[in-house]
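# Residue-level structural notes
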Amino acid sequence: CCFPQGTQQRMDRIYSADQIQVPPALPGILKAFAKEVIRIGPDNIPAFGKQYFAALEAGTLPDFLRTAGAESSPGCKSPDTKAADEGASAEKKAPTEEKATK
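What you see is a predicted model; the values in this text were computed from it and never measured.

### Observations regarding the pattern of salt bridges
Enumeration according to the criterion identifies 2 salt bridges in this entry. Glutamate 36 is the salt-bridge partner of arginine 39, the closest N and O atoms lying 2.7 Å from each other. Here the residue arginine 39 and the residue glutamate 36 both occupy positions in helix H2 (residues 26-40), the gap between them amounting to 3 residues, near one helical turn. Between aspartate 63 and arginine 66 there is a salt bridge whose closest N-O contact spans 2.8 Å. With a gap of 3 residues between them, aspartate 63 and arginine 66 both fall in helix H4 (residues 61-71), about one helical turn apart.

### Some thoughts on the confidence of the model for the protein chain
With 60% of its residues at a pLDDT of 70 or more, the protein chain has an overall mean of 76. Long-range and interchain partners of residues 75-85, a stretch whose pLDDT sits below 50, account for 8 contacts in this model, where long-range means more than four residues apart.

### Observations regarding the side chain of glutamate 36
On the basis of relative accessibility, which here comes to 16%, the residue glutamate 36 falls in the buried class. Once you skip the residues sitting within four places of it in the chain, glutamate 36 turns out to touch Gly41, Phe48, Tyr52 and Leu65.

The rules we used
Residues numbered from 1 in each chain as written. Predicted model: local features only at pLDDT ≥ 70, side-chain atom pairs only at ≥ 80, totals over all residues. Heavy atoms only, no water. Salt bridge = Lys/Arg side-chain N within 4 Å of Asp/Glu carboxyl O. Helix = DSSP H or I, 4+ residues; strand = E, 2+ residues; numbered from the N terminus. pLDDT = per-residue confidence, 0-100. Contact = heavy atoms within 4.5 Å. Buried < 20%, exposed > 50% of the residue type's maximum accessible area, 1.4 Å probe, protein only.

So, in structure tokens, the structure goes:
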């Protein structure tokens, strides 16, 4: 599937949840990454992930996210931003529509 060649053969089989030891930091790291993927909407998620985790490791994540967010396409806005934009557009249209009915 998606493992590098030979990786699956080296992995021990997991038969029970008791065999899984999740590092305490992992859920938070993955949640933060997932949020940024949703917020920024990169075309290539693995490439974005590589850059994201390199920046995280280097301690430059805020700078990376600022740059990545600024470079994202206009169609990849967060729901909050999109709703705010749509509300502003509706407010701009309302006076024009009002004039047309008078």
